[in-house]
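Next come the chains, spelled out residue by residue.
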Amino acid sequence: MRSVDERPVSEAGGGSAVRPMLASDRAGFVARHELWGDTEHAAAAQLRRVVDELGIERVRVGFADQHGVVHGKTVTREALPDALRSGITVPSSLLLKDTAGRTVAPVFTADPGVGVAGFAGIGDAVLVPDPTTFRVLPWSRDTGWLLSDVYFPDGRPVPFCTRSVLRAELGRLADRGFELTVGVELEFHVFGAPGPDGVPVPLSAGGQLLHEEGLDRHDELARALHRGLTDLDLPVRSLELEFGPSQFEITLAARDARRAADDVVLARAAIRQLCRRAGLQATFMCRPAGSTSASTGWHLHQSLSDGTGRPALDPAGPHEILSPTGRHWLGGLLAHAAAGAVFCTPTVNGYKRYLPQSLAPDRVGWGIDNRGAMIRVCPARDSGGARLENRAGEPAANPYLYIAAQVVAGRDGLACATDPGEPLDAPYTAPAPALPRSLGEALDALGADPVFERAWGSEVVSWFSAIKRAEFDRYLAHVSDWEQHEYFGLF
Ligand SMILES: NC(=O)CC[C@H](N)C(=O)O
């Protein structure tokens with residue numbers, strides 16, 4: 001299909017001697033608003049070559065929404081040049097939906113009340129692909145994949161684009177002279193096809209942590225996931241069996257925080273789609289099979305380096321565990337853990353994981369190589385510098401917000417020289433503040449802690465809180481099986 005700008009001038013009412021005006025004559029949205037740097041332009045040129053050479057017919061152009069879930073359109077080969085010049089449009093309400101896909105703001109009023117102009121009437125949002133994210137999908141023939149940032153049609157960045165929230169936050173960290181490296185451990189469940197009652201069937205009865213033969217029973221799955229993720233250029237380090245029935249884990253090599261967040265978006269989508277093609281169902285929901293199911297966590301390993309690439313968390317002497325920078329960063333993570341829970345554990349279900357003796361934390365504290373503590377400090381060893389492992393997150397978290405929230409808390413720790421206190425030897429009994437018991441409690445904590453608003457603006461925090469509050473309120477209004485069993489026969 002020709003765009004309006006491609007009409008020959010005669011058709012458009014001009015003189016016939018003038019050559020047709022081509023779309024390329026006018027700067028597209030990306031050029032007009034200077035949205036790409038040299039790296040993106042070079043990657044786009046490379047992308048076009050790959051598309052031609054491999055005969056790619058379709059490219060999925062999407063963005064990670066507030067829940068970290070990809071939404072977008074599949075663009076044909078013919079439309080791709082235009083999508084790269086000017087992005088693609090989607091309804092702006094995609095940025096206002098809760099996990100049930102319900103728009104939480106009154107968008108058909110003059111002011112939907114989100115504090116940012118551009119959402120009334122569900123006008124367009126523009127997805128501007130980041131060509132450095134281009135991949136060829138190994139499981140869908142002739143199909144490419146691109147992740148985008150979100151803008152309004154007038155060129156303003158949409159403040160609710162969480163990929164941009166992380167980029168800005170990492171920029172503020174760089175202004176302080178630091179770079180963040182992130183390593184990812186992501187747990188998930190894989191079930192068989194649902195039974196006749198729709199209930200997912202576990203692949204295994206549960207077993208022993210890291211049991212080699214247990215994984216061998218799922219060798220075909222392990223090979224399919226390894227091959228699929230590696231073909232996507234994801235830095236897979238390991239794949240293992242966890243405790244629970246049908247519970248697995250992948251680990252991804254540490255890399256710069258921005259790419260690590262993109263990796264999680266892609267890895268989750270890839271694992272779900274690869275499993276579905278194998279007749280299986282993967283889920284990153286924290287506790288997917290009722291009260292008996294094991295909890296899944298997303299342990300986020302983090303370290304800082306200074307501008308010259310030197311590790312910034314390592315202590316100067318053998319008697320300390322962390323540098324002053326490391327201690328203050330850790331202090332910040334602890335001080336803002338309750339409010340930050342909204343970002344690392346954003347679902348109702350995720351709060352059912354904070355249980356004692358479970359290898360998930362139940363309170364705010366740190367320990368030295370202690371897997372019961374919320375923050376496990378991994379001391380510098382021959383194999384690498386000191387790092388902090390935050391064990392509070394669930395694998396369904398939006399990676400951009402989870403990581404950006406670490407930076408906000410850590411930066412505040414640096415600014416205030418926050419003392420993390422003593423390490424916990426007995427993390428499930430120590431007198432330390434409890435983590436929020438529910439998404440509602442976490443939202444209350446966020447409302448009481450201004451640090452995230454100061455960093456991202458009150459619009460962003462209010463927007464995310466409103467979406468999550470809507471979800472939590474629907475949950476509260478739901479009458480569960482537990483209530484039925486508990487009370488029906490008694491009263
Ligand atoms: N092996 C482990 O560390 C288990 C972690 C645990 N599944 C969690 O919820 O975090």
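Keep in mind that this is a model prediction, so the values were computed, not measured. (Residues numbered from 1 in each chain as written. Predicted model: local features only at pLDDT ≥ 70, side-chain atom pairs only at ≥ 80, totals over all residues. Heavy atoms only, no water.)

Caption draft 1: Molecular detail of the overall build of the protein. The helix and strand tally for the protein stands at 14 helices and 14 strands. Radius of gyration (C-alpha) of the protein: 24 Å, near the 23 Å computed for a compact globule of 491 residues. Each of the three principal axes of the protein carries a C-alpha extent, and together these read 85 × 60 × 50 Å. Burial analysis of the protein (491 residues in total) assigns 52% to the buried set. Long-range pairs, those at least 24 residues apart, make up 71% of the contacts in the protein between residues at least 6 apart in sequence. When the accessible surface of the protein is totalled, it reaches about 22600 Å², and 52% of it is carbon and sulfur. (Helix = DSSP H or I, 4+ residues; strand = E, 2+ residues; numbered from the N terminus. Rg over C-alpha atoms; globule rule 2.2 N^0.38 Å. Buried < 20%, exposed > 50% of the residue type's maximum accessible area, 1.4 Å probe, protein only. Contact = heavy atoms within 4.5 Å. Areas by Shrake-Rupley, 256 points an atom, 1.4 Å probe, with all protein chains shown as cover.)

Caption draft 2: Structural detail: the packing of helix 6 (residues 219–231) against helix 7 (residues 257–277). Their axes nearest at 10 Å, the elements helix 6 and helix 7 cross at an angle of 135 degrees. Here helix 7 runs oblique to helix 6, going by the angle between their axes. Between helix 6 and helix 7 lies a crossing of right-handed hand. Contact with helix 6, carried on its side by Leu221, Ala224, Leu225, Gly228 and Leu229, involves Ala267, Ala270, Ile271, Leu274 and Cys275 of helix 7 and no other residues of that element. Partitioning the contact of helix 6 with helix 7 into residue classes produces 9 nonpolar, 1 polar and no charged. (Axes fitted to C-alpha atoms, helices over the stretch in contact; angles between N-to-C directions. Parallel < 35°, antiparallel > 145°, perpendicular 65-115°, else oblique. Left-handed = near helix turned anticlockwise from the far one by under 90°. Nonpolar A, V, L, I, M, F, W, Y, C, P; charged D, E, K, R; others polar.)

Caption draft 3: A look at helix 2 (residues 38–54). A rise of 1.5 Å per residue sets the reference length of helix 2, with its 17 residues, at 24 Å; its end C-alpha atoms lie 24 Å apart and thus fit the reference within 8%. Within the sequence span of helix 2, burial applies to Glu40, Ala43, Ala44, Leu47, Val50 and Val51. Axial view of helix 2: buried residues confined to an arc of 125 degrees, hence all on one face. Of the exposed residues in helix 2, the ones pointing more than 90 degrees away from its buried face are Asp38, Asp52 and Glu53. Its buried side turned inward, helix 2 meets helix 3 (80–86), strand 4 (124–136) and strand 5 (143–151). Glycine 55 sits one or two residues past helix 2 and shows a positive phi near 65 degrees. (Expected span 1.5 Å × (residues − 1). Arc of directions from axis to C-beta.)

Caption draft 4: Broad picture of the pattern of salt bridges. Considering all chains together, one arrives at 23 salt bridges under this definition. In this structure, the salt-bridge partner of arginine 469 is aspartate 444, at a minimum N-O distance of 2.8 Å. Note that arginine 469 is positioned in helix 13 (residues 458–477) and aspartate 444 in helix 11 (residues 439–448), a separation of 25 residues in sequence. Owing to a relative accessible area of 28%, arginine 469 belongs among the partly exposed residues under this scheme. Assessed through its relative accessible area of 47%, aspartate 444 is described here as partly exposed. (Salt bridge = Lys/Arg side-chain N within 4 Å of Asp/Glu carboxyl O.)

Caption draft 5: Inspection of the side chain of serine 438 at higher detail. Within the fold, serine 438 resides in the loop between helix 10 (399–416) and helix 11. At 3.0 Å, the side chain of serine 438 forms a polar contact with the backbone nitrogen of glutamate 441. Beyond its immediate stretch of four places on either side in the chain, serine 438 contacts Tyr351 and Phe472. (Polar contact = N/O pair within 3.5 Å; in protein donor to acceptor, adjacent residues only side chain to side chain.)

Caption draft 6: Quick peek at the site of the ligand. The local shell around the ligand consists of Glu187, Leu209, Glu242, Ser295, Thr296, Gly297, His299, Arg353, Leu359, Ala360 and Arg391. In the model, a nitrogen atom of the ligand is placed 2.8 Å from a nitrogen or oxygen of the glutamate 187 side chain. Within the side chain of glutamate 242, a nitrogen or oxygen atom sits 3.1 Å from a nitrogen atom of the ligand. Across the shell around the ligand, the residue classes tally to 3 nonpolar, 4 polar and 4 charged. (Near = heavy atom within 4 Å.)

Caption draft 7: Representation of the UniProt feature "domain: GS beta-grasp" (unreviewed entry) in the protein. UniProt records the feature "domain: GS beta-grasp" (unreviewed entry) at residues 54–155, using the numbering of this structure. Strand forms 39% of residues 54–155 and helix 8%; the C-alpha atoms that close the span are 33 Å apart. (UniProt positions renumbered as here; feature names shortened; annotations may be inferred.)

Caption draft 8: Seen up close, the nonpolar core. Ranked by size, the top nonpolar core spans 132 residues in total, and within it Phe160, Leu180, Phe452 and Trp456 carry the most contacts. Among the elements that make up this core, the one with the highest residue count is helix 7 (11 residues). Two domains each provide a minimum of three residues to this core, namely domain 1 (15–160) and domain 2 (168–456). (Core = buried A, V, L, I, M, F, W, Y, C linked by side-chain atoms within 4.5 Å. Domains from an automatic or database assignment.)

Caption draft 9: Focus on the pairing of strand 5. Of all the 9 residues making up strand 5, 9 are buried; the element is thus mostly covered by neighbouring parts of the structure. Taken together, the 5 bridges between strand 1 (residues 58–64) and strand 5 define a ladder with parallel strand orientation. By the bridge assignment for strand 5, arginine 58 is matched with threonine 143. For strand 4 and strand 5, the ladder comprises 7 bridges, and the chain directions are antiparallel. Looking at the pairing, valine 136 lines up with glycine 144 of strand 5. Between the end of strand 4 and the start of strand 5, which pair antiparallel, lie 6 residues, with aspartate 142 showing a positive phi angle near 60 degrees. (Pairing = 2+ DSSP bridges.)

Caption draft 10: Structural context of the domain arrangement of the protein. Partitioning the protein into domains gives domain 1 (15–160) and domain 2 (168–456). Relative placement of domain 1 and domain 2: their C-alpha centres are 29 Å apart. Between domain 1 and domain 2, the residue contacts involve 17 residues of the former and 20 residues of the latter. Together domain 1 and domain 2 conceal approximately 1300 Å² of surface at their shared face, both sides included; 59% is due to carbon and sulfur atoms. Counting across the domain 1 and domain 2 interface gives 1 salt bridge. Between arginine 258 and aspartate 130 there is a salt bridge, with its nearest N and O atoms 3.5 Å apart. For the interface between domain 1 and domain 2, the tally reads 8 residue pairs in polar contact (both at pLDDT 80 or more). Residue assignment for the side of domain 1 that touches domain 2 shows that the elements contributing at least two residues are strand 1, strand 4 and strand 5. Take the side of domain 1 that touches domain 2: its biggest share by element is 4 residues, from strand 4. Here the residues of the side of domain 1 that touches domain 2 are counted per class, giving 8 nonpolar, 5 polar and 4 charged. (Buried area = accessible area lost by both parts, 1.4 Å probe.)

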